[in-house]
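# Per-entry structural report
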Amino acid sequence: MAEVGLLPFARVALEVATQVLPPYRTRFSKHQFTQPQLLAVLCLMRYEDWTFREAETRLREHQELRAALKLREVPDYTTLYRFLRRRRRRAVSVAIDGTGLSYNSVSTFFIRRLEQHADRSARHRHWLKWVIVVDVQQQILLAQRAHQGPGSDVRSLPGLLDVAARGAPIRLVLADAEFDSEPNHQHIRQRLGAKSIIPAKRRGIPQGTIRNQMFRAFPEKPYRQRAKIETIFSAIKRKLSSRAPGRSLSIQIRQALLLGLAYNLYRLRHPLIWEDVNRASVDSEGS
């Protein structure tokens with residue numbers, strides 16, 4: 001079990017869960033565990049990649065972790081499983097996109113200038129590509145991955161959406177032309193049972209039935225919601241960080257994934273700020 005950062009994460013997860021959930025579902029509920037406690041344990045499961053049985057075992061072994069979660073007893077794995085199944089979400093609209101993260105504080109402009117004036121190509125490591133799936137209404141991350149950039153992410157769409165669909169059923173997927181492919185449309189519509197809106201790349205008349213439909217009659221109005229993922233990227237880089245520091249690629253990838261986790265916690269703790277941002281976005285679209 002990774003001890004570094006585990007206890008602080010548990011404390012923050014419980015604090016955030018307490019702000020967004022009532023202590024008990026109804027007044028007739030058993031008062032053995034609160035809903036925030038169970039949700040915090042589920043967050044720890046994702047953070048540590050535990051199974052339900054492993055979560056029960058780790059909590060029994062780790063007294064300080066139980067204290068951080070204010071648990072007098074350890075919930076068994078069936079309690080956690082039933083709580084997760086009970087918290088089914090409504091169908092959501094999601095957007096998927098990627099952005100670049102720097103491994104240090106050097107700007108991309110400086111890197112390009114260095115390469116232009118160097119006698120040979122500069123020994124500069126590639127930046128990190130971070131791809132996320134977000135719920136456009138709640139503006140939280142549902143899935144994420146990171147890899148060395150640059151590169152196309154068209155083939156990563158099915159896997160990321162499958163992960164996102166585990167937390168909430170998906171009814172609409174919005175993506176830019178980078179993810180345009182007939183197999184991606186088919187995966188969204190046949191596997192997930194959702195609607196897909198992805199603009200076709202402008203290289204003549206596209207092949208494929210769905211891509212051809214996108215080319216001939218693109219649904220502009222619902223596609224405007226995709227802009228919210230750009231707002232999320234902007235807020236993350238302004239409020240949290242635009243870097244994924246590390247000497248190795250594996251550490252940089254972990255830093256990017258932790259950035260996504262930190263953003264979700266930040267988002268839950270600052271609802272009023274984000275409501276103002278959403279209202280500003282809507283006002284700008286209507287003007």
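If you're wondering where the values come from, they're calculated on a predicted model, not measured in any experiment. (Residues numbered from 1 in each chain as written. Predicted model: local features only at pLDDT ≥ 70, side-chain atom pairs only at ≥ 80, totals over all residues. Heavy atoms only, no water.)

## Observations concerning the nonpolar core
In this structure, Leu44, Leu59, Leu65, Leu69 and Leu80 are the most contacted members of the largest nonpolar core, which totals 24 residues. When sequence neighbours within four positions are dropped, the list of residues in contact with Leu69 reads Ala10, Leu14, Gln37, Ala40, Val41, Leu44 and Leu59. If you look at the next biggest cluster of nonpolar residues, it comprises 23 residues, including Ala95, Leu101, Val134 and Leu174. (Core = buried A, V, L, I, M, F, W, Y, C linked by side-chain atoms within 4.5 Å. Buried < 20%, exposed > 50% of the residue type's maximum accessible area, 1.4 Å probe, protein only. Contact = heavy atoms within 4.5 Å.)

## Some details on the side chain of Ser196
Structurally, Ser196 is set in strand 5 (residues 195-197). Looking at Ser196, its side chain comes within polar contact range of the side chain of His185, at 2.7 Å. Within polar-contact distance, the side chain of Ser196 engages the side chain of Arg189 at 2.8 Å. Here Ser196 is in contact with Val173, His185, Ile188, Arg189, Ile210 and Met214, once residues within four sequence places are set aside. (Helix = DSSP H or I, 4+ residues; strand = E, 2+ residues; numbered from the N terminus. Polar contact = N/O pair within 3.5 Å; in protein donor to acceptor, adjacent residues only side chain to side chain.)

## Some points on the pairing of strand 2 (residues 128-135)
Along strand 2, eight of the eight residues are buried, which leaves the element largely enclosed by surrounding structure. Here strand 2 shows no split at all, with Leu128, Trp130, Ile132 and Val134 on one side and Lys129, Val131, Val133 and Asp135 on the other all buried. When strand 1 (residues 92-101) meets strand 2, the two strands line up antiparallel, connected through eight bridges. Looking across to strand 2, one finds that Gly100 is bridged to Lys129. Where strand 2 and strand 3 (residues 140-148) come together, eight bridges link them in antiparallel fashion. Paired with Val134 across the two strands is Leu141, which belongs to strand 3. Connecting the antiparallel pair strand 2 and strand 3 is a turn made up of four residues, with Gln139 showing a positive phi of about 55°. (Pairing = 2+ DSSP bridges.)

## Concerning the packing of helix 3 (residues 52-61) against helix 5 (residues 77-86)
The interhelical angle for the contact between helix 3 and helix 5, taken along N-to-C directions, is 130°, at an axis separation of 8 Å. As judged from the angle between their axes, helix 3 and helix 5 are oblique. Viewed along their axes, helix 3 and helix 5 form a crossing whose handedness is right-handed. Contacts between helix 3 and helix 5 pair Phe52, Arg53, Ala55 and Glu56 from the former with Tyr77, Leu80, Tyr81 and Leu84 from the latter. Classifying every residue of the contact of helix 3 with helix 5 gives six nonpolar, no polar and two charged. (Axes fitted to C-alpha atoms, helices over the stretch in contact; angles between N-to-C directions. Parallel < 35°, antiparallel > 145°, perpendicular 65-115°, else oblique. Left-handed = near helix turned anticlockwise from the far one by under 90°. Nonpolar A, V, L, I, M, F, W, Y, C, P; charged D, E, K, R; others polar.)

## A short note on the sheet that holds strand 2
Reading across from one edge, 3-2-1-4-5 is the order of the five strands in this open sheet, with mixed pairing throughout. Every interior strand has two partners, whereas the edge strands, strand 3 and strand 5, have only one. Strand-to-strand twist in this sheet, taken as the mean axis angle between neighbours without regard to direction, amounts to 20°. Each of strand 1 and strand 2 is contacted by helix 11 (residues 227-240), which is oriented at about 45° to strand 1, the strand it contacts most.

## Quick look at the environment of Cys43
Its location among the elements puts Cys43 in helix 2 (residues 35-48). Judged by its relative accessible area of 31%, Cys43 is partly exposed. In the structure, Cys43 is positioned 29 residues away from Leu14 in sequence and 9.2 Å away in space, judged by C-alpha atoms. Those residues in contact with Cys43 that lie beyond four places of it in its chain are Phe9 and Ala13.

## Looking at the pattern of salt bridges
The full count for this structure, using the stated rule, is eight salt bridges. The partner of Arg226 in a salt bridge is Glu230, with the nearest N and O atoms 3.3 Å apart. Relative accessible area serves as the criterion here: at 12%, Arg226 is assigned to the buried category. We classify Glu230 as partly exposed; its relative accessible area is 36%. Each of Lys129, Arg145, Asp153 and Glu178 takes part in a single network of salt bridges with overlapping partners. (Salt bridge = Lys/Arg side-chain N within 4 Å of Asp/Glu carboxyl O.)

## Thoughts on helix 11
Note on helix geometry: an α-helix contains 3.6 residues per turn, so any two residues three or four positions apart are oriented the same way. With 14 residues, helix 11 should reach 20 Å at 1.5 Å per residue; the first-to-last C-alpha distance of 20 Å fits that figure. For helix 11, the set of buried residues is Lys228, Ile229, Ile232, Phe233, Ala235 and Ile236. Buried residues of helix 11, seen end-on, are gathered within an arc of 165° and therefore sit on one face of the element. (Expected span 1.5 Å × (residues − 1). Arc of directions from axis to C-beta.)

Shape is all these values report; function is a separate question.
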